[in-house]
Structures are given as structure tokens and as C-alpha cells.
Amino acid sequence: MVTTPDFLPENKTLTPELVATLPKICLQSRGDLSTILAQAKNRHVIYVEHLAAVADVPRLANIAEESGIMVGFVVDCTSPADLEAIMDDPTGLIVGAVAHTPEVAALLRNSLVPYVYDGSVLEQVIYAAARITDAIGLVSDFQLTDDAEIIPTGAAVFVLDRNLPLLCQPAEDIRQEKIEIMSDHPLVLLDSMGFNVAVDDMTIEMIEATELEIDQYYRLLHNTLDASFLPMRTRMALREQVIEPVFAELVDAATDASSSSPASQEPAQEPPISLTPEQAAAIDPALLAELGITWADLGLER
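Residues numbered from 1 in each chain as written. Predicted model: local features only at pLDDT ≥ 70, side-chain atom pairs only at ≥ 80, totals over all residues. Heavy atoms only, no water.

A. How the structure looks around the overall build of the protein. Summing up its helical and strand segments, the protein has 16 helices and 9 strands in all. A burial count over the protein gives 41% of its 302 residues as buried. Within the protein, contacts between residues at least 6 apart in sequence are counted, and of these 52% link residues at least 24 apart. Looking at the protein as shown, the accessible area adds up to about 16500 Å², and 53% of this sits on carbon and sulfur atoms. (Helix = DSSP H or I, 4+ residues; strand = E, 2+ residues; numbered from the N terminus. Buried < 20%, exposed > 50% of the residue type's maximum accessible area, 1.4 Å probe, protein only. Contact = heavy atoms within 4.5 Å. Areas by Shrake-Rupley, 256 points an atom, 1.4 Å probe, with all protein chains shown as cover.)

Dropping the structure here:
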């Protein structure tokens, strides 16, 4: 489990300027890869996991290489032929698959290929998807108690108890008309309830709509990295070499600013010794001489 740094209060608010400097991860991106990667360059996106057809991967791999951004492909798998193409991938960029039937899910599982399952939350759980992708459907399994407490039921309980990655996709849910506006998305609620929430794209619109602060951003970013289909060593390298240095610099800069003020750099001074004549008269001069202390050391003249 990643330990969230103790960010100072003045760094809690995620301004657009700060968000622009923070690393981001995009999972299950859709559409024209060239456009996605061109936009990603300006947003400090460090990894894109793109949905694609198996046959398109060689062409898309060239686009990915030219962009300079790390890209992995999650491809549609509908038959044993698709699975064979995945296993023989010449680009090395296919990291996972999408299964649409229990039979294909079994093929992928037996071949040790991570996959998402195109179905209800219950079906995703039953057919052992590597991450859950329907946050809105999962919330439909919630109930409100007489004490106004929201509790998960059904498949949502299993997702919570087993700490399965739950990928929230606010923009995609708006596109599919599951929600009307970004602020309607339950990702903050799910995070507060202890679900292992990942986010497909940390856009400034999503951050402002959900009022995320930097500690939440940090945690969700690490969750998203862990929810990706990248190998563990690659995830560790991104965490240690790319993500952590950015946040460490942010924390260190704040700490340095508070510790580098002139007042903090001045050594503490001992208060001056002040003795009354009566106190001075009671001091044995022989004892002072034995201790190597002079009258001047005591602020007195003799």
C-alpha cells in the first residue's frame, strides 16, 4: 500500500497550473490515437492504455513510437484466432484484452492474459475480470438504510471486500448518458467507502467537478497505475523514477521554503547570565577557578 505524503495545507488545492505539472495515466482511451497522444504531450501523461483491434496494433505501434509516450494496447478478443495474434504480438505492446463472452474469458485466463469483461458488474466478477469497469452499474447495488447510511450489496460487496480495481470513467459515462454532468459521478463516494478506485483520465474538468485535493489525486494516481495491465516491474519503474520524484520535489520545495527563512537559520542564543550582588558574593572564587570559569563569563567584573 502506498503511503500518502503529508502535504502542507497550502499545497492541498489543485490549481490548473499545479495539475498541469502532475503526472497522469490514461486507461482505456478510445478514438484516434494520434489526437490522444498529441493532447497527452501537453498534459504530462506518462502512460496511455488504448483500446484497439488486434489487426490495427502494428500501425498504431508506429504512432506510439513516434509520440515518445509509453503506450499499451488492450485489444478486442472474440476468437481463438485473436488470442493467437495476441500471444504472437510482434510489437510487444499488447498488454491485455477485452472479452465479450465467458468462453473467450476462459481462453484468456488459461493463457494468463489480463482482461476486462464487457458485461454487468456481476458478470465481470463471475468471469474474473482483472478490473471492474462499470462504476455506475456498481452503485446500483447500493442501498440506503433507515439511518441514511449508504451500504453496498450484491456484487459491489465482493468488489469492495476483495479490493478489486474499480475503473471510473466519468467522461465515458457522460457519453453513454449514464450521468448528465461530471459532478454526478460517484467516484469520490466510492473512494470514501474504501473501494480501490482508479480513474481513466485525471482531467482538470474532472478534478474541479469532484473537488479533488492533492492527497486524493496522489492516491488515485497510484491506484490507476496498479490497475493498468503493465507488468509489475514497469509499474515500479514508473512509480519510482517518474511519479515519486514529482511529488517529492513538490513536498521538498514546500519544506525547504519553510525551513530556509532567515529566522529558521539563526542559531538559538542563550539568555545572558544576570546575577545580583548578593548572588555574586555567595560564589566561592576558588570553585570558579577550579571549574575554569571567570567572572567575565558570568557577566561580572572583579
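B. Highlighting the confidence of the model for the protein. Taken residue by residue, the protein gives an average pLDDT of 88. The fraction at 70 or more is 82%. Across residues 254-261, where pLDDT falls below 50, the model places 7 contacts with residues more than four positions away in sequence or in other chains. (pLDDT = per-residue confidence, 0-100.)

C. View of the side chain of D173. Looking at the element boundaries, D173 is found in helix 9 (residues 170-175). It is K178 that comes nearest to the buried, bridge-free D173 among opposite-charge side chains, at 4.1 Å. (Lys, Arg positive; Asp, Glu negative; His and termini not counted. Salt bridge = Lys/Arg side-chain N within 4 Å of Asp/Glu carboxyl O.)

D. Structural context of helix 3 (residues 57-67). Along helix 3, the residues that are buried comprise V57, L60, A61, A64 and S67. The buried side chains of helix 3 occupy one side of the element, clustering within an arc of 120 degrees when seen end-on. Across from the buried face of helix 3, at angles greater than 90 degrees, the exposed residues are E65 and E66. Those residues of helix 3 that are buried lie in contact with helix 2 (33-41), strand 2 (45-52), strand 3 (70-77) and strand 4 (94-99). Looking at the residues trailing helix 3, positive phi occurs at G68, about 80 degrees. (Arc of directions from axis to C-beta.)

E. Local environment of the sheet that holds strand 1 (residues 24-29). If you walk across this open sheet you meet the 5 strands as 1-2-3-4-5, and the pairing is parallel. Every interior strand has two partners, whereas the edge strands, strand 1 and strand 5 (115-117), have only one. When strand polarity is set aside, the average angle formed by the axes of neighbouring strands in this sheet is 15 degrees. In the sheet, strand 4 pairs with strand 5 via 3 bridges, with the strands oriented parallel. Looking across to strand 5, one finds that A99 is bridged to Y117. Of the strands in this sheet, strand 3 and strand 4 are in contact with helix 4 (residues 80-87), which crosses strand 3 at around 160 degrees. (Pairing = 2+ DSSP bridges. Axes fitted to C-alpha atoms, helices over the stretch in contact; angles between N-to-C directions.)

F. View of the environment of K24. Looking at the element boundaries, K24 is found in strand 1. Look at K24 and you get buried, because its relative accessible area is 2%. Ignoring anything within four residues of it in the chain, the contact list for K24 reads V19, R43, H44, V45, I46, Y47, M202, Y217 and L221. From its side chain, K24 meets the backbone oxygen of L22 in a polar contact 2.7 Å long. (Polar contact = N/O pair within 3.5 Å; in protein donor to acceptor, adjacent residues only side chain to side chain.)

G. Examining the packing of aromatic side chains more closely. Across all of its chains, the model carries 4 aromatic pairs by this definition. When the centroid spacing of 6.5 Å and the interplanar angle of 45 degrees are considered together, the rings of Y217 and F247 count as tilted. With Y217 in helix 12 (residues 214-227) and F247 in helix 13 (residues 232-259), this pair connects stretches of sequence that are 30 residues apart. Residue Y217 is classed as buried on the basis of its relative accessible area of 0%. Judged by its relative accessible area of 1%, F247 is buried. (Phe/Tyr/Trp six-rings, centres within 6.5 Å; stacked < 30°, edge-to-face > 60°.)

H. Spotlight on the packing of helix 2 against helix 3. The N-to-C vectors of helix 2 and helix 3 enclose an angle of 15 degrees; their axes lie 10 Å apart at closest approach. The angle between the axes of helix 2 and helix 3 places the two elements in the roughly parallel class. Read as a crossing pair, helix 2 and helix 3 show a hand that is right-handed. Of helix 3, the residues touching helix 2 (which contributes L33, S34, L37 and K41) are L60, I63, A64, E66 and S67. Tallied by class, the residues present in the contact of helix 2 with helix 3 amount to 5 nonpolar, 2 polar and 2 charged. (Parallel < 35°, antiparallel > 145°, perpendicular 65-115°, else oblique. Left-handed = near helix turned anticlockwise from the far one by under 90°. Nonpolar A, V, L, I, M, F, W, Y, C, P; charged D, E, K, R; others polar.)

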